[in-house]
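Architecture and fold: a report
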Amino acid sequence: MASTLQKIQGDDSVLLRVTHSNLKTFSADVRFSLQTTVESVKEKLWRKCGTSVNSMSLELYDDTKSKIADLSDNSRPLGFYSPIDGYRLHVVDLDPSSVTSGGWLEDTSLVEKYSISEEAYKKRDGTYRKFKEKLASQNPSALGAKISENYMEDLCANIKVGDRCEVEPGEKRGVVKFVGRAESLAPGFWVGVQYDEPLGKHDGMVKGTRYFECPPLHGAMVRPDKVKIGDFPERDLFEEDEI
């Protein structure tokens, strides 16, 4: 008995395997101070497994699966029951209406799933479907969808080299320098534009292929739906200055 009291008075701790009567898949290695009370042990375990302190009973088992003791006195220190590393502390939930009962915390099939009608989902903004639709309209290749070799060919019917144009977004003005397929880019039809100002990304060469000639940073390859053909003269750099 004297050696037991000496061990309790020290600052020793013990590593116990914790199991639960209702949570069959719950198992954790938890370190406890031998000086902490049984009630404090229960409070620590309540945060881990959900069983309330008042509904919790603790059983101590050795490494041969033999029961050593029932930790029935909440005021006693854990060390009083002489646990050692590797022993198992089993939590018994005595509350039949506990959140741990019935498998609710382990079997997700028991949880009622939220559902929404197709019509209601279509009306919602900010959904993943709306995001995919927007992404596909901006860059069809981004979703890995198969793009036809004739993609947007019909939009090129009224676009020809030499036309003045305006490109969205940004209302960037320039002249059409190329119309057709671009092997180094995604399938479908493209329009090469020489901007009036250095608002582009290249000089007409894209990924090692030259599609047209223009000054550096004046060239762009865009989809036909971004190009508007019309009377778009070069802007006067001073037209918006105050007089």
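Look up a bit, the structure's there.
Residues numbered from 1 in each chain as written. Predicted model: local features only at pLDDT ≥ 70, side-chain atom pairs only at ≥ 80, totals over all residues. Heavy atoms only, no water.

**Regarding the environment of Lys44**
By the secondary structure assignment, Lys44 is in helix H2 (residues 38-49). Residue Lys44 is classed as partly exposed on the basis of its relative accessible area, which comes to 34%. Beyond its immediate chain neighbours, meaning those up to four positions away, Lys44 contacts Val30, Arg31 and Phe32. (Helix = DSSP H or I, 4+ residues; strand = E, 2+ residues; numbered from the N terminus. Buried < 20%, exposed > 50% of the residue type's maximum accessible area, 1.4 Å probe, protein only. Contact = heavy atoms within 4.5 Å.)

**Re the sheet that holds strand E2 (residues 27-33)**
Consider a sheet: its strands pair through backbone hydrogen bonds, and that pairing is either parallel or antiparallel. Spatial strand order, E2-E1-E5-E3-E4: five strands in an open sheet with mixed pairing. At either end of the open sheet lies a strand with only one pairing partner, and these are E2 and strand E4 (67-70). Sheet twist, expressed as the mean angle between neighbouring strand axes with direction ignored, is 35°. For strand E3 (residues 56-61) and strand E5 (residues 88-93), the ladder comprises six bridges, and the chain directions are antiparallel. Pairing of Met56 across the sheet is with Asp93, part of E5. (Pairing = 2+ DSSP bridges. Axes fitted to C-alpha atoms, helices over the stretch in contact; angles between N-to-C directions.)

**Things to note about the pairing of E5**
Counting buried residues along E5, five of its six residues qualify, which places the element largely inside the surrounding structure. Both strand E1 (residues 13-20) and E5 contribute to a ladder of four bridges, which runs parallel. Of the residues in E5, the one forming a bridge with Val18 is Leu89.

**Structural notes on the packing of aromatic side chains**
What characterises a pair of aromatic rings is the spacing of the ring centres plus the angle enclosed by the ring planes. Scanning all chains against the criterion turns up two aromatic pairs. Note on Phe80 and Tyr81: the rings are 5.2 Å apart at their centroids and 90° apart in plane angle, and the pair reads as edge-to-face. Residue Phe80 is classed as partly exposed on the basis of its relative accessible area, which comes to 31%. Between the aromatic rings of Phe178 and Tyr211, the centroid separation amounts to 5.2 Å while the plane-to-plane angle is 65°, which identifies the pairing as edge-to-face. Here Phe178 is found in strand E7 (residues 172-181), whereas its partner Tyr211 is found in the loop between strand E10 (209-210) and strand E11 (219-222), with 33 residues between them in sequence. Across the pair, Tyr211 and Phe178 agree in class, each one buried. The aromatic ring of Phe80 is capped on one face by Arg76, whose charged end is 3.9 Å from the ring centroid. Taking NZ or CZ as reference, Arg223 lies 4.0 Å from the ring centre of Trp190, over its face. (Phe/Tyr/Trp six-rings, centres within 6.5 Å; stacked < 30°, edge-to-face > 60°. Lys NZ or Arg CZ within 6 Å of the ring centre and 35° of its normal.)

**Considerations on H2**
Helical geometry: 3.6 residues make up each α-helical turn, so side chains three or four residues apart lie on a common side. Along its twelve residues, H2 runs 16 Å from first to last C-alpha, staying within 8% of the 16 Å computed at 1.5 Å per residue. All of the buried residues along H2 are Val38, Val41, Lys42, Leu45 and Cys49. All buried residues of H2 fall inside an arc of 95° around its axis, so they share one side. Following H2 by one or two positions, Gly50 adopts a phi angle in the positive range, close to 95°. (Expected span 1.5 Å × (residues − 1). Arc of directions from axis to C-beta.)

Keep in mind that these numbers describe shape and distance, not what the molecule does.
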